[in-house]
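Below, each chain spelled out in residue letters.
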Amino acid sequence: LVEVRELYRNKEEYIGKRITVGGWIRSVRDSKSFGFIVLHDGTCFETLQVVYHDNLNNFAEISKLNVGSSIIVTGQLVETPQAKQPFEIQAEEVIIEGYSSPDYPLQKKKHSLEFLRTITHLRPRTNTFQAVFRVRSLLSYAIHKFFQERGFVYVHTPIITGSDCEGAGEMFRVTTLDLDNLPLTEDGKVDNSQDFFGKPTNLTVSGQLNGETYALAFKKIYTFGPTFRAENSNTTRHAAEFWMIEPEVAFADLNDNMRLAEDMLKYIINYVLENAPKEMEFFNQFIDNGLLDRLNNVVNSEFAHVTYTDAIEILKKNNDNFDYKVFWGCDLQTEHERYLTEQVFKKPVFVTDYPKDIKAFYMKLNEDNKTVAAMDLLVPGIGEIIGGSQREDDYEKLLKRMDEMGLSREDYEFYLDLRKFGSVRHSGFGLGFERCVMYLTGMSNIRDVIPFPRTVNHCEL
Ligand code: 4AD
Ligand code: MG
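Because the structure is a prediction, the values reported are computed rather than measured. (Residues numbered from 1 in each chain as written. Chains lettered and ligands numbered in written order. Predicted model: local features only at pLDDT ≥ 70, side-chain atom pairs only at ≥ 80, totals over all residues. Heavy atoms only, no water.)

1. Quick word on the overall build of the chain
For step 1, the next point in the chain: When its secondary structure is counted, the chain shows 14 helices and 16 strands.
For step 2, the next point in the chain: Contacts spanning at least 24 positions in sequence make up 66% of the contacts within the chain whose residues lie at least 6 apart.
For step 3, the next point in the chain: For the chain, the accessible surface area stands at approximately 22,500 Å², while carbon and sulfur atoms represent 48% of it.
For step 4, the next point in the chain: In the chain, 52 positive and 68 negative side-chain charges are present, and the distance between their average locations comes to 4 Å. (Helix = DSSP H or I, 4+ residues; strand = E, 2+ residues; numbered from the N terminus. Contact = heavy atoms within 4.5 Å. Areas by Shrake-Rupley, 256 points an atom, 1.4 Å probe, with all protein chains shown as cover. Lys, Arg positive; Asp, Glu negative; His and termini not counted. Charge placed at Lys NZ, Arg CZ, Asp CG, Glu CD.)

Here it is in structure tokens:
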């Protein structure tokens, strides 16, 4: 079989030749003595038009095929200078591989994204999801390419862990205990020593702490894997299972960290613009007008920077219009993040130096003793897409912070060791992969950029 992708790439080689292609029917139009089939084979965004005539012995059968049927067509590829598409195949033989029944949910009309969410197993066959998941795939490749070209080592951090990196307690427990018949200790508590690992464990919320151990051995590492959060937030940008990219660099401070994040984003945007032009045009036309202009601006200008403290001053002036009123010390809500990046800066903006009390224990304390060397990158349309920081590299300060926050020294001994044996300033960040896909495609719901979304009350397939 020749792939349709190949036909579009090397048109000259195939025009006038007899070829065989296989694919799924997007539509059939027939008149008395001939008909047209729009065929999609999944290898590229484009479709192939098939023309067939009543000289085929199964002409009547072909004309009755439902959308979604799979066929293998042999015939000559001919140029069609008058038509929208550059060429078509004139069928000499059409083999029907698999019939699609008339109740096929995808018909030749526009389906709502809500409806398509109810058929996650079939939605990848639509134009929108062809574009989304091709771009998602290219983006993962671009991310690896970016870090590999710079000499970063890809580290596979564990999925099951005993620690809570973010300290937010939003973890899914992993256990082999019989929940209907929990073993108890003498004082009536659950006896975790009988669990598989002999202690409570959970799905990772972030690979960072493990990543840091490798950064202090390889200097530059990154992770790229699934992470899990049992956050009870039913929003369009939160998923219970999402993928995260977490680079970690030794001898790097917060500014180096922000530069890396900016370089990475620009690199992957360029990569997708170059390698998925058809898909990106589709998003620009049907999902988010202005997307291409916006992304082109992003790659050609510097990101903005503002401290948390200055950001609060800016936001206070607009407090009347916020549901949640800001004050120094509050965590920024999506409405604030979007206001800053959409109304004030009108481009991606790094917010730095957050109050220590709203950030994780591992962030480096600034000299004011109130804020930490944190950075969040906010982008228009989404809000926070990256969260990162310079890490506390001072043994005593880290210990003090852990005690303040009630973290057990035992659990984090490995982490403290890094500050004991050749500690060095180091920084890293986490890019939420789905939010990144949303940003680059203009898709507005996280459920539509991950193949099988897991959100509160939803875990189908
Ligand atoms: O800001 P977060 O919680 O940072 C960390 O996990 C750090 N350990 C990262 C690091 O410094 N290595 O999460 C990082 C990013 C967020 O900016 C967001 O894009 C994404 O992960 N994220 C989510 N994406 C989808 N659904 C959720 N529930 C998410 N929670 C965080
Ligand atoms: Mg964050």
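2. What to know about the site of ligand 1
For step 1, the next point in the chain: Residues in contact with ligand 1 amount to 25 residues; listed here are only the nearest, Glu166, Gln208, Glu231, Glu246 and Glu384.
For step 2, the next point in the chain: In the model, an oxygen atom of ligand 1 is placed 3.5 Å from a nitrogen or oxygen of the isoleucine 386 main chain.
For step 3, the next point in the chain: Note that an oxygen atom of ligand 1 is positioned 2.9 Å from one of the side-chain N or O atoms of arginine 391.
For step 4, the next point in the chain: Here ligand 1 has 620 Å² of accessible area as a free molecule, and 94% of this is covered by the chains.
For step 5, the next point in the chain: For ligand 1, the cavity whose grid points lie within 2 Å of the majority of its atoms is the second largest pocket.
For step 6, the next point in the chain: Those elements that place two or more of their residues in the shell around ligand 1 are β11 (241-250), β15 (383-390) and β16 (426-432). (Near = heavy atom within 4 Å. Polar contact = N/O pair within 3.5 Å; in protein donor to acceptor, adjacent residues only side chain to side chain. 1 Å grid on protein atoms, 1.4 Å probe; cavity = no way out; pocket = protein on both sides within 12 Å on 5 of 7 lines; lining within 4 Å. Sits in = over half its atoms within 2 Å of the grid points.)

3. Re the confidence of the model for the chain
For step 1, the next point in the chain: The predicted model of the chain averages 96 in pLDDT, with 100% of residues at 70 or higher.
For step 2, the next point in the chain: As a predicted assembly, this complex carries a pTM of 0.96 together with an ipTM value of 0.99. (pLDDT = per-residue confidence, 0-100.)

4. Brief notes about the nonpolar core
For step 1, the next point in the chain: Counting residues in hydrophobic clusters, the biggest one holds 65 residues, and the most contacted among them are Leu139, Phe147, Met280, Phe283, Ile386, Leu431 and Tyr439.
For step 2, the next point in the chain: Setting aside residues no more than four positions away along its own chain, leucine 431 makes contact with Ile143, Trp243, Met244, Ile245, Met264, Ile385, Ile386 and Cys436.
For step 3, the next point in the chain: Cys165, Val351, Ala360 and Tyr412 belong to the second largest nonpolar core, which has 32 residues in total. (Core = buried A, V, L, I, M, F, W, Y, C linked by side-chain atoms within 4.5 Å. Buried < 20%, exposed > 50% of the residue type's maximum accessible area, 1.4 Å probe, protein only.)

5. Observations concerning the sheet that holds strand β9 (residues 201-203)
For step 1, the next point in the chain: The three strands are arranged β7-β9-β8 in an open sheet whose pairing can be described as antiparallel. Only two strands of the sheet have a single neighbouring strand rather than two, namely β7 (160-161) and β8 (173-174).
For step 2, the next point in the chain: Pairing of β8 with β9, which is carried by two bridges, proceeds in the antiparallel orientation. Bridge pairing links valine 174 to threonine 201 in β9. (Pairing = 2+ DSSP bridges.)

6. With respect to helix α8 (residues 277-287)
For step 1, the next point in the chain: Those residues of α8 that sit buried are Glu279, Met280, Phe282 and Phe283. The buried residues of α8 occupy an angular sector of 155° when the element is viewed end-on, so they sit on one face. (Arc of directions from axis to C-beta.)

7. Considering the packing of helix α7 (residues 254-275) against helix α9 (residues 291-300)
For step 1, the next point in the chain: Contact geometry for α7 and α9: axes closest at 9 Å, N-to-C directions at 135°. Looking at the two axes, α7 sits oblique to α9. Taken as a pair, α7 and α9 cross one another with a handedness that is left-handed. Contacts from Lys266, Ile269, Asn270 and Leu273 of α7 reach α9 at Leu292, Leu295, Asn296, Val298 and Val299.
For step 2, the next point in the chain: Split by residue class, the contact of α7 with α9 holds six nonpolar, two polar and one charged. (Axes fitted to C-alpha atoms, helices over the stretch in contact; angles between N-to-C directions. Parallel < 35°, antiparallel > 145°, perpendicular 65-115°, else oblique. Left-handed = near helix turned anticlockwise from the far one by under 90°. Nonpolar A, V, L, I, M, F, W, Y, C, P; charged D, E, K, R; others polar.)

8. Description of the environment of phenylalanine 242
For step 1, the next point in the chain: Considering the arrangement of structural elements, one finds phenylalanine 242 in strand β11.
For step 2, the next point in the chain: As a C-alpha pair, phenylalanine 242 and glutamate 434 span 192 residues in sequence and 6.7 Å in three-dimensional space.
For step 3, the next point in the chain: Residues within four places of phenylalanine 242 in sequence aside, it is in contact with Gly225, Pro226, Thr227, Arg229 and Glu434.

9. What about the layout of surface pockets?
For step 1, the next point in the chain: The calculated volume of the largest pocket comes to roughly 1,500 Å³.
For step 2, the next point in the chain: In terms of lining, the largest pocket is formed by 43 residues, of which the most central are Arg26, Val38, Phe45, Thr47 and Asn127.
For step 3, the next point in the chain: Listing elements by their share of the lining of the largest pocket, those giving two or more residues are β1 (18-30), β2 (34-40), β3 (48-53), α4 (113-117), α5 (127-149) and α8.
For step 4, the next point in the chain: In the lining of the largest pocket, the residues fall into 18 nonpolar, 15 polar and ten charged.
For step 5, the next point in the chain: One number sums up the size of the second largest pocket: a volume of about 1,000 Å³.
For step 6, the next point in the chain: Forming the boundary of the second largest pocket are 46 residues, of which Glu166, Arg229, Glu231, Lys359 and Glu384 lie nearest the centre.
For step 7, the next point in the chain: Those elements that place two or more of their residues in the lining of the second largest pocket are β11, α11 (334-344), β15, β16 and α14 (433-441).
For step 8, the next point in the chain: Top contributing element to the lining of the second largest pocket by residue count: β15, with five residues.
For step 9, the next point in the chain: Residues of the lining of the second largest pocket, tallied by class, amount to 18 nonpolar, 13 polar and 15 charged. (Points joined across faces, edges and corners; volume = space filled by probe spheres on them.)

10. Re the packing of aromatic side chains
The way to describe two aromatic rings as a pair is by their centre distance and the angle between their planes.
For step 1, the next point in the chain: All told, the structure shown has 25 aromatic pairs when counted by the stated rule.
For step 2, the next point in the chain: Seen from their ring centres, tyrosine 308 and tyrosine 354 are 5.3 Å apart, and the 40° between their planes marks the pair as tilted. In this pair, tyrosine 308 is assigned in helix α10 (residues 308-316) and tyrosine 354 in the loop between β13 (349-352) and β14 (374-379), connecting sequence segments 46 residues apart.
For step 3, the next point in the chain: Using a relative accessible area of 0% as the deciding quantity, one classes tyrosine 308 as buried.
For step 4, the next point in the chain: Among the aromatic side chains, those forming a connected cluster through ring pairs are Phe146, Phe147, Phe152, Tyr154, Tyr222 and Tyr267.
For step 5, the next point in the chain: The aromatic ring of tyrosine 415 is capped on one face by arginine 419, whose charged end is 4.0 Å from the ring centroid. (Phe/Tyr/Trp six-rings, centres within 6.5 Å; stacked < 30°, edge-to-face > 60°. Lys NZ or Arg CZ within 6 Å of the ring centre and 35° of its normal.)

11. Looking at the environment of valine 299
For step 1, the next point in the chain: Locating valine 299 in the fold gives a position in helix α9.
For step 2, the next point in the chain: Spatially, the C-alpha atoms of valine 299 and serine 206 are 28 Å apart, while their sequence positions differ by 93 residues.

12. Structural notes on the pairing of β15
For step 1, the next point in the chain: With six of eight residues buried, β15 is to be regarded as a mostly interior element.
For step 2, the next point in the chain: Where β14 lies against β15, six bridges are found, and the strand directions are antiparallel. From the neighbouring strand, valine 379 faces β15, where its bridge partner is glycine 383.
For step 3, the next point in the chain: Linkage of β14 to β15, two consecutive antiparallel strands, is achieved through a turn of three residues, within which glycine 381 is found at a positive phi near 90°.

13. Description of the pattern of salt bridges
For step 1, the next point in the chain: Under the definition given, this model contains 26 salt bridges.
For step 2, the next point in the chain: Note that arginine 391 is salt-bridged to glutamate 248, the shortest N-O span being 2.8 Å. Residue arginine 391 is located in the loop between β15 and α12 (395-404), and its partner glutamate 248 is located in strand β11; the two are separated by 143 residues in the primary sequence.
For step 3, the next point in the chain: Judged by its relative accessible area of 3%, glutamate 248 is buried.
For step 4, the next point in the chain: A salt bridge links aspartate 288 to arginine 294, with the shortest nitrogen-to-oxygen separation between them at 3.0 Å.
For step 5, the next point in the chain: Classification of arginine 294 as partly exposed rests on a relative accessible area of 27%.
For step 6, the next point in the chain: One connected set of salt bridges, linked through shared partners, spans Glu212, Glu248, Arg391 and Arg419. (Salt bridge = Lys/Arg side-chain N within 4 Å of Asp/Glu carboxyl O.)

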